[in-house]
Structure formats: structure tokens, C-alpha cells
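Structural features, examined
Here is how the chains run, residue by residue.
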Amino acid sequence: MSDDFDLRLRNELRALAEAVPVNGPLSTMPHDRSAMVSGLPIAPRVRARHDASLGLGAAVVALVLVVVAGFAIWSGRNAVPASSTPSPTPTASGCLVGGVWNNVAESRIQAFDQPALEKQILAAGGRYDWVEGRGAPDTQAQIDKFVADGAKVIVVRSVWSLDDPDAPAVLSAIDRAVAAGVAVIDYDGFIDSPKALLVAFDPIETGRIEARATLAAVPKGNYVILKGHPEGQVVPDLMASGIHEVLQPAIDRGDVKIVAETYIVNWDPYTAMEEMKSILSKNGNKIDAVIAESNSMASGVIAALEEVGLDGKVAVAGQGGGDDWWDLNHVAAGTQTVDVWTDFRLMGKAAGDAAVALCKDPDISKLAGTSQLSLPGHHQVTAILLTPQAITKDNLNLVIDSGWLKKDDVCASIAPSAAPPACR
Amino acid sequence: MTVTAGWASLDEAFREHQQWLVRRLALVVGDAEEARDLAQQTFVRAAERWPLPPAQDVPRWLAVVGLRLALNERRRRHRWGFLPVRDTDATWAMQVNPDLWCALLKLEPKVRAALVLTVLDGYTQDEVAEALGVARGTVASWLSRSRDRLRPVLEERVR
């Protein structure tokens, strides 16, 4: 009988494997998924309930799977830097903050962003509850539900594009919430709403930092700029504006020449590698520096450079802050010049602090420390913009000392003779 | 390193193995788009090491690197590098065999990885243990446990 079972299992698995859309376009999200079990690969779907009396259950129960082990993992990784110790005076007593987290499958959300956010709210005496968002179509209902349940602040993390057909529905849900006296925080999503408070690392400054570090390494020469996805996102153009601002004086002096500047669909590393190969061949390999708007694209660039023996000779900049130890391993190895580190723990903390302040007064225009940011082609938004940290060979120890990454990973396969200080 | 030959053979490896890799990874991570993303990153890593040593079995190298990326909790989607809409609901799988798919998703990703490698690709338990960096006995217990869980699902379907 065992043979029968094995054969059937093999056939059924093969049928599933054959059904995988290997090149297909992204399918749209079906609306009815109440019967689905979590397909999320990395973190189990966890729902934290800090106050069982909140009564948020019915509408979201179908989305909920309380996984005790998962919760333990999540709590255990509550790794907020010591410097972020919250104020001991409770200032948001009893205030309910709701979180709508789209794409919680990213393990970083559960490991870094959310614990840091929650810590600030709980320390101020507030309550925190969250639901997993399922894309724009559901987010509006989740926002409305939190308003109905008496939340004072709602933190929304979006992952959809600005031209998503469902985006207007989310914007009207935000409008309804704000009209009801509830503050909405747009967590790193660059939602096109002047009524929500954006909390994010400053993309323009991120671009400037990449450009400054690259210019410091290569004051003169041929530059390439690889930007992110071309449509429905404002971040690629915001970052590019910062990059251009810093490079312009050097361009005017004739020191720097931008020989190629292009968007990379989906920020895809393989596409970036192909594009870089083509740029190298068109320019007879005469490239001195590449500024990529993400580490994933930078890794594609480095792969292309290695093939022609120019790795470590051409300056490469990226950002993403060691989303992946592999990227910082490039910095340790000298194949990537700079990685702009966006520590998600700091972003979560900033959003938590903002939520605590908004519990007292939901008017975002009265909040301290905000600035105005014009989203290219869209509205001007009120934002709390954080400044990221440039990581080079010389200060690699920062990511290791703060517990972000392990030394063994960052310094893997680095010859002792070529090791930067952090790897010795 | 012979530049042209290197790239030609990498392109060939990509054509030959990319779809296979995406299919395996999708079964492990439960999401086709995530799988395509992981496969891309695997090939970028391959490009960095290309050409692989002559003794290296290319599909095995790709499977090991791809699965390790998939199972590495540290690996996250790159900030700002998201795709606008995510195909997390795997309609492709739900249309084929919803019962088996839901049962598979209840297994741990690494257990699904071991299952896929042994059942679909004929890797031995020793090979899987080496690939995933665990003891052989662990792999054996994963496989036995997962077969116990999947058996009722498949047998019910046949009736």
C-alpha cells in the first residue's frame, strides 16, 4: 500500500508543481479567501491580542490563526536598540491603536517593525491590536472596522501601487477615519493621502547619502544610475532626485558623466544584472561607479561586474540596510562601496511615538517633528522622515554591534588579509 | 575565466533550470511570486560564482541555494522592492488540489522542502540532510510525519 501512496503523492505533487505560474503575470487577489489556510512562507500568521475585551473578532476571525509558537518567536525578537527606551510616563492611557499590516509575510515586519511600534504604545499605557491586511480591497474595511471599534490611531502599511484600482477606496476609508477624529499613520507606504501621516526613511536623503558616499570614493568618472520600478511608486523618483542633487555640481564641473540612467522593472536583481551587462558592453567597460536604488539591484550589478573582472574596481552603491547579510557581505568584501542602512526598528519606534502623540490629539498638522513631502505627480503629504545610516567597510561594526546581523554572516568568506576592521 | 563561454552557459542553465526551480520553490514557500523572486536571487548568486566548479551538479547547486534562501528567516523582500500586488492566495494550487495544498501548507516550509526534494526529485534522505544542513534522522522524521499527515487527505480524495 505504501507504494501506492508514494506514487499518488508524487503524481499529485507533480500536478501542483506543473500548475505553478512560472512566468505568468501577477494574478489579481480574489476577494473571498475565508477558507484559505495561510500560505505565508516565513512567519506563521500571528495575531496578538493584548486585550481580549476589544471585540474586534467577528469580521476578522476568518483571517486569524493564533499560533502560540509563532507568538513566542515574535515576542522573543523584540529587539529594539537600547537607545529607544520609552518614556516611563504613561501618556496614552487606554488609547487603542490599530495596525493593518499588508504583506506581513515579510519576516522583518514581525521581527523588527511591529515589536518596536508596539513597545512604544504599550509603554505609554496604550493598547495595540492588529490585523493582517490582504491588499487594498480589504484594507478599507479593516480601517472602517478599527474606527467602529474605537481606535484613536490606525497604522496602515500598504504594499499596493499608487495606480492600483482599489487605491481610491482606501483613500476614502482614510478620509472617513480622519473625519471621525481618528488619526491614520501611513507606515512606509507613500499612500497618496494628505490626511495620513507618513512615517518612513527619507527617500531623498537616502539618495543623497548613496551619491555622497559614491562621490567620495569616485570623485571623477562615468556613472550609472539604476532606479526602481517605473510605475505606480514614487520612491524611485524621490531617491533619484536626491542622487541628482548631490551629483549635479560634479556633473557641472565635468567631473562626473552619467552614461546610463534607467528604471528596473520590479527592482529585479536579474534584470539589473542583464541591464548592467548591456551598459558595460555599450561603454567598452568604461564605468567607474554605479548607484543602484536597492541592494537587490546592486547585487545584480556586482554579478555583472564580476564577469568582466571589474568587481571591487567599480564603486557600487545600494540601500536596504542589509535586508540580507549577503549585501553587507559585499561591503565587507569590497565589491559594494556603500549600503544605506534603514534600521526598521527605528521606523517602528518613530511610528509608535507618533501614535502615542496622536492619541492625545489626532491632528497631524500639530504634531512636532514633521515635514512636508511632495510625492511626484501626486499630493504633498505630512511626514516624519528618518535619516538612514551609510554603511561602508569602515563602520560595518555598527550593524554587527547593534544586533542587526551576525559577524559570521557579514564577514563570511573574507580573507583575513583583506578583512575590514569589523571582520578582524 | 572565459567571459563569453561563462555567460552562454549561464544563460543556458537559466533556460534549462529556471522553471524547474520556480516550481519547487513555489511548493516550499507557498507563493509563486515569492518563488520567482527567490529563483531570480538564486541565479544572481549563481552568476557571482559562475562558472561553478566542473564537479558541481548545477541543478543541485541551484536547489540548495534557492531552498536555503527560501528557508532563511533573515531574508526579506527588499524595502521598496515590492511588487504592487501579491499572489499569495495561490489560486493555481487551489484549482488543482485544494485539500492537498492546504495540508501541505500546514507543514513547516523546511518539511515541504524535504518532501519535494525526495518525492519529486528523487534525492536521498542523506542528500536532503546535507542540502538543508540537518541530521539525516531529522529528515527521516520529517518525512514520516508529513506522510502521516498527507495520507488521509490523499486517500480520501481517491474514494
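For the structure, see preceding data.
Report follows, based on the coordinates.

Right, let's talk about the pairing of strand β8 (residues 289-292) of chain A for a bit. Residues and elements named next belong to chain A. Side chains Ala 289 and Ile 291 of β8 all project onto a buried face; the interleaved residues Val 290 and Ala 292 project onto the opposite face, where all are buried too. Two strands pair when backbone bridges link them, and strand β6 (residues 221-227) and β8 are joined in this way by four bridges, in the parallel orientation. Bridged to Leu 226 within β8 is Ala 292. Judged from the three bridges that link them, β8 and strand β9 (residues 315-319) form a sheet pairing that is parallel. Across the sheet, Val 290 pairs through a bridge with Val 316, a residue of β9. After leaving β8, the chain enters helix α10 (residues 295-307) and then returns to the sheet as β9, a path that is right-handed.

It is worth spelling out the packing of aromatic side chains at this point. All names here are of chain A. On inspection of all chains with the given rule, the structure shows eight aromatic pairs over all chains. Ring centres of Phe 344 and Trp 404 lie 5.6 Å apart, and the angle between their planes is 55°; on these two criteria the pair is classed as tilted. Of the two residues, Phe 344 is situated in helix α12 (residues 344-360) and Trp 404 in the loop between α13 (397-401) and α14 (407-410); the sequence distance between them amounts to 60 residues. The same class applies to Phe 344 as to Trp 404, namely buried.

Bringing the pattern of salt bridges into the picture now. All names here are of chain A. This model, assessed by the stated rule, comprises 20 salt bridges over all chains. For Lys 277, the salt bridge is made with Glu 274, and the minimal N-O distance between the two is 3.4 Å. Linking Lys 277 with Glu 274, this pair stays in helix α9 (residues 269-282), spanning three residues, or about one helical turn. Under the relative-accessibility criterion, Glu 274 is labelled partly exposed at 31%. With its nearest N and O atoms 3.9 Å apart, the salt bridge here joins Lys 366 to Asp 363. By relative accessible area, Asp 363 is classed as partly exposed at 29%. One network of salt bridges, with partners in common, ties together Glu 205, Arg 208, Arg 212 and Glu 245.

All names here are of chain A. The contact between α9 and α10 brings their axes to 7 Å, and the two run at 45°. It follows from the interaxial angle that α9 and α10 lie oblique. The hand of the α9/α10 crossing is right-handed. Note on element contacts: α10 touches α9 through Ser 296, Met 297, Ser 299, Gly 300, Val 301, Ala 303, Ala 304 and Leu 305, opposite Pro 269, Ala 272, Met 273, Met 276, Lys 277 and Leu 280. Of the residues that constitute the contact of α9 with α10, the class distribution is 10 nonpolar, three polar and one charged.

Rules behind the numbers
Residues numbered from 1 in each chain as written. Chains lettered and ligands numbered in written order. Predicted model: local features only at pLDDT ≥ 70, side-chain atom pairs only at ≥ 80, totals over all residues. Heavy atoms only, no water. Buried < 20%, exposed > 50% of the residue type's maximum accessible area, 1.4 Å probe, protein only. Helix = DSSP H or I, 4+ residues; strand = E, 2+ residues; numbered from the N terminus. Pairing = 2+ DSSP bridges. Right-handed = clockwise from strand over helix to strand, strands pointing away. Phe/Tyr/Trp six-rings, centres within 6.5 Å; stacked < 30°, edge-to-face > 60°. Salt bridge = Lys/Arg side-chain N within 4 Å of Asp/Glu carboxyl O. Axes fitted to C-alpha atoms, helices over the stretch in contact; angles between N-to-C directions. Parallel < 35°, antiparallel > 145°, perpendicular 65-115°, else oblique. Left-handed = near helix turned anticlockwise from the far one by under 90°. Contact = heavy atoms within 4.5 Å. Nonpolar A, V, L, I, M, F, W, Y, C, P; charged D, E, K, R; others polar.

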